[in-house]
Amino acid sequence: MARPTKAENEKRTERYNLRLTLAEREWLASQARAAGLSEIDYVRRRILGQTVTSRQTVTDPALIAELNAIGHNVNQLARATHTGRQFQQYWREIGDELRRVLARALEGVGGP
């Protein structure tokens, strides 16, 4: 199946020539990689004032450990629940704790 034909106003017919130093080009390439874009798509978005976000995140080891501990608790509660015991109170507590930790994680990466 062939690519659909673009409308005239969607065709990119104009060119812009730009010279950069080697250091500038390397920086540009690293920013594009971090955003998961080609260099030209990165430049185009930046020139047109569009938001470009980095896909790289810094992982906090303490946060990972906290999420791991919550995962262990969930696993233990699931096993105990399957034996017929009632642990509704603990499920709520773990849900609250998980929401707190995830909110903290999202703050660290610029989330809501």
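Residues numbered from 1 in each chain as written. Predicted model: local features only at pLDDT ≥ 70, side-chain atom pairs only at ≥ 80, totals over all residues. Heavy atoms only, no water.

Trainee: Honestly, the overall build of the protein in this entry has me stumped. Any pointers?
Mentor: Each helix and strand counted, the protein has 4 helices and 0 strands in total. Order of helices (α) and strands (β) in the protein, N terminus to C terminus: α-α-α-α. Computed over its C-alpha atoms, the radius of gyration of the protein comes to 24 Å, more than 25% above the 13 Å expected for a compact globule of 112 residues. Principal-axis analysis of the C-alpha atoms places the extent of the protein at approximately 70 × 40 × 25 Å. Restricting to contacts in the protein with at least 6 residues of sequence separation, those with at least 24 account for 30%. Accessible surface for the protein amounts to roughly 9900 Å². Of this, 52% is attributable to carbon and sulfur atoms. (Helix = DSSP H or I, 4+ residues; strand = E, 2+ residues; numbered from the N terminus. Rg over C-alpha atoms; globule rule 2.2 N^0.38 Å. Contact = heavy atoms within 4.5 Å. Areas by Shrake-Rupley, 256 points an atom, 1.4 Å probe, with all protein chains shown as cover.)

Trainee: Looking at this structure, how should I read the pattern of salt bridges?
Mentor: Side chains carrying opposite charge are able to pair once their charged atoms draw close together. Inspection of the entire model under this criterion finds 6 salt bridges. Glutamate 8 is the salt-bridge partner of lysine 11, the closest N and O atoms lying 3.0 Å from each other. Linked through salt bridges whose partners overlap, the residues forming this network are Glu66, Glu97 and Arg100. (Salt bridge = Lys/Arg side-chain N within 4 Å of Asp/Glu carboxyl O.)

Trainee: When you look at the environment of proline 61 in this model, what are you seeing that I'm missing?
Mentor: Along the polypeptide, proline 61 turns up in helix 3 (residues 61-82). Classification of proline 61 as exposed rests on a relative accessible area of 62%. Measuring from C-alpha to C-alpha, the distance between proline 61 and glutamine 89 comes to 29 Å, with 28 residues separating the pair along the chain. (Buried < 20%, exposed > 50% of the residue type's maximum accessible area, 1.4 Å probe, protein only.)

Trainee: I tried to follow the nonpolar core on my own but got confused; where do I start?
Mentor: Side chains that are nonpolar tend, in soluble globular proteins, to be buried together. Formed by Leu63, Ile70, Leu77, Ala80, Phe87, Ile94 and Val101, the largest nonpolar core amounts to 7 residues. Contributing elements (two or more residues each) for this core: helix 3 and helix 4 (88-108). For this core, the leading source of residues is helix 3, giving 4 residues. What leucine 77 contacts, discounting residues up to four positions off in sequence, is Phe87, Tyr90, Trp91 and Ile94. Of all hydrophobic cores here, the second largest spans 6 residues; its members include Ala32, Leu37, Tyr42 and Val43. (Core = buried A, V, L, I, M, F, W, Y, C linked by side-chain atoms within 4.5 Å.)

Trainee: Please explain the environment of leucine 37 as it appears in this structure.
Mentor: Structurally, leucine 37 is set in the loop between helix 1 (22-35) and helix 2 (39-47). Sequence-wise, leucine 37 and valine 52 are 15 residues apart; in three dimensions their C-alpha atoms are separated by 9.3 Å. Discounting residues that sit within four places of it in the chain, leucine 37 has contacts with Ala32, Tyr42, Arg45 and Val52.

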